[in-house]
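# Per-entry structural report
So the chains spell out like this:
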Amino acid sequence: KGAIKKQIMKRIKTLALLLSLLMIVFAAQAQDAVVISDGNFVRGTIQGTDFSTVILKNEDETLSQFKAKDIKEFLWNGETYISKPIVVKKRMEHRFFQVIERGTVNLYSIGGSAAVDAPQPKRARIRPSVGIGGGTGGFGGIGGGVGISLGGGRNREDNQPRQAGPTAYFLERFGTGPMVEIPVNSGNSDNKNQLIKNALLQKLTNDEDLTERIKATETFDAKLIKAFVAAYNEMHK
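Our subject in this report is the structure included herewith. (Residues numbered from 1 in each chain as written. Predicted model: local features only at pLDDT ≥ 70, side-chain atom pairs only at ≥ 80, totals over all residues. Heavy atoms only, no water.)

Regarding its fold elements, the chain presents four helices and eleven strands. For the chain, the residues scored as buried account for 39% of the 237 residues in total. Of the contacts made within the chain by residues no fewer than 6 positions apart, 60% connect residues no fewer than 24 positions apart. By element, 53% of the accessible surface of the chain is carried by carbon and sulfur atoms, the whole surface being about 14,100 Å². (Helix = DSSP H or I, 4+ residues; strand = E, 2+ residues; numbered from the N terminus. Buried < 20%, exposed > 50% of the residue type's maximum accessible area, 1.4 Å probe, protein only. Contact = heavy atoms within 4.5 Å. Areas by Shrake-Rupley, 256 points an atom, 1.4 Å probe, with all protein chains shown as cover.)

Moving on, we come to the packing of aromatic side chains. Per the stated rule, a full pass over the model turns up seven aromatic pairs. Judged by centre distance (5.9 Å) and plane angle (45°), the rings of Trp76 and Tyr81 are tilted. (Phe/Tyr/Trp six-rings, centres within 6.5 Å; stacked < 30°, edge-to-face > 60°.)

As paired strands, strand E3 (residues 53–57) and strand E4 (residues 63–67) are joined by five bridges and run antiparallel to one another. Among the inter-strand pairings, Leu56 is bridged to a residue of E4, identified as Ser64. (Pairing = 2+ DSSP bridges.)

Before going further, it helps to examine the pattern of salt bridges. In the structure shown here, the tally under the stated rule is seven salt bridges. Among the ionic pairs, Asp70 bridges to Lys69, the shortest N-O distance being 3.1 Å. Notably, a salt bridge pairs Glu234 with Lys237, separated by 3.3 Å at the nearest N-O pair. Its relative accessible area of 79% is what places Lys237 among the exposed residues. (Salt bridge = Lys/Arg side-chain N within 4 Å of Asp/Glu carboxyl O.)

Counting buried positions over the six residues of strand E1 (residues 32–37) gives five, a clear majority of the element. Sheet analysis places E1 next to strand E2 (residues 40–49), joined by five bridges and oriented antiparallel. Pairing of Asp32 across the sheet is with Gly44, part of E2. From the end of E1 to the start of E2, which pair antiparallel, there are two residues, and Gly39 there has a positive phi angle of about 75°.

Moving on, we get to the packing of helix H2 (residues 190–203) against helix H3 (residues 208–216). Two numbers describe how H2 lies on H3: the axes approach to 10 Å, and their chain directions differ by 175°. It follows from the interaxial angle that H2 and H3 lie roughly antiparallel. Packed against H2, whose contacting residues are Lys197, Leu200 and Leu201, the element H3 presents Thr211, Ile214 and Lys215 at the interface. Considered class by class, the residues forming the contact of H2 with H3 number three nonpolar, one polar and two charged. (Axes fitted to C-alpha atoms, helices over the stretch in contact; angles between N-to-C directions. Parallel < 35°, antiparallel > 145°, perpendicular 65-115°, else oblique. Nonpolar A, V, L, I, M, F, W, Y, C, P; charged D, E, K, R; others polar.)

Time to look at the nonpolar core. Most often, soluble globular proteins keep nonpolar side chains buried together rather than apart. With 18 residues, the main nonpolar core has Ile182, Leu200, Leu204 and Ile225 as its most contacted residues. Where this core is concerned, the elements lending two or more residues are strand E10 (168–172), strand E11 (180–182), H2, H3 and helix H4 (222–235). For this core, the leading source of residues is H4, giving four residues. Setting aside residues up to four positions removed in sequence, Ile225 forms contacts with Leu107, Ile182, Val184, Ile196, Leu200 and Phe220. In terms of nonpolar packing, the next biggest core, distinct from the first, is built from 13 residues, Val34, Trp76, Tyr81 and Phe96 among them. (Core = buried A, V, L, I, M, F, W, Y, C linked by side-chain atoms within 4.5 Å.)

So, on to the packing of H3 against H4. It is the contact of H3 with H4, at a shortest axis distance of 11 Å, that shows an interaxial angle of 170°. Between H3 and H4, the angle is such that the two are roughly antiparallel. From H3, Leu210, Arg213 and Ile214 reach across to H4, where they touch Phe228, Ala231 and Tyr232. Broken down by class, the residue content of the contact of H3 with H4 amounts to five nonpolar, no polar and one charged.

Another point: the environment of Leu171. With respect to the helices and strands, the residue Leu171 is situated in strand E10. Considering only alpha carbons, one finds Leu171 and Tyr108, 63 residues apart in sequence, at a separation of 6.6 Å. Residues within four places of Leu171 in sequence aside, it is in contact with Val105, Asn106, Leu107, Met179, Val180, Ile182, Ala199, Leu200, Lys203 and Val229.

The complete set of buried residues in H3 reads Leu210, Thr211 and Ile214. The buried residues of H3 occupy an angular sector of 105° when the element is viewed end-on, so they sit on one face. H3 presents Glu208 and Ala216 as exposed residues on the side facing more than 90 degrees away from its buried surface. Packed against the buried residues of H3 are H2 and H4. (Arc of directions from axis to C-beta.)

The following block contains the structure:
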């Protein structure tokens, strides 16, 4: 019995080792992707984004640059960045927004440490393929756009390092007008908290319990806003 038990334990350890190796191989094969349109994508490794363009290293080590206006979204380290129209200096342009929560109400962010510099491609090469899997459905445009000022921008000719701008948050619910900015990082004031409260009450409708909780909240931060949106989406699938 002792010998049989040792053999069983040895086999269990061998299987565990094989499973660990398979997980490592799978993780190594996982890649970022740029989704140009439904079913049309490019795999590789995202090198960085300034929220108006994204740089992708292809499998052959070449670099490709994609503008927000030309693609649907990109996947980077398991996070989704979606292209949406906004107003920048009175002009309608496209920018990449990180998807924080997705459902009946969508919560996005833009800015912060995600803005990094990346080597520029000498020649952009786009090689579409077909059949990306798993939850990359996109969103429609927004009426009228949203005014936003992105900090830390610079020309590509400038050699000064980019400084991360503040993170801005936006709520979106189709059929209720354009996205609404949530002024999370505009200072700790009663006015700011009231603006956030009004935005949440505008988008998270027809939920008496959640409405009462929002009204009773005195101060808001990004984590609490995300929790409110996640709770609402869970109850209104």
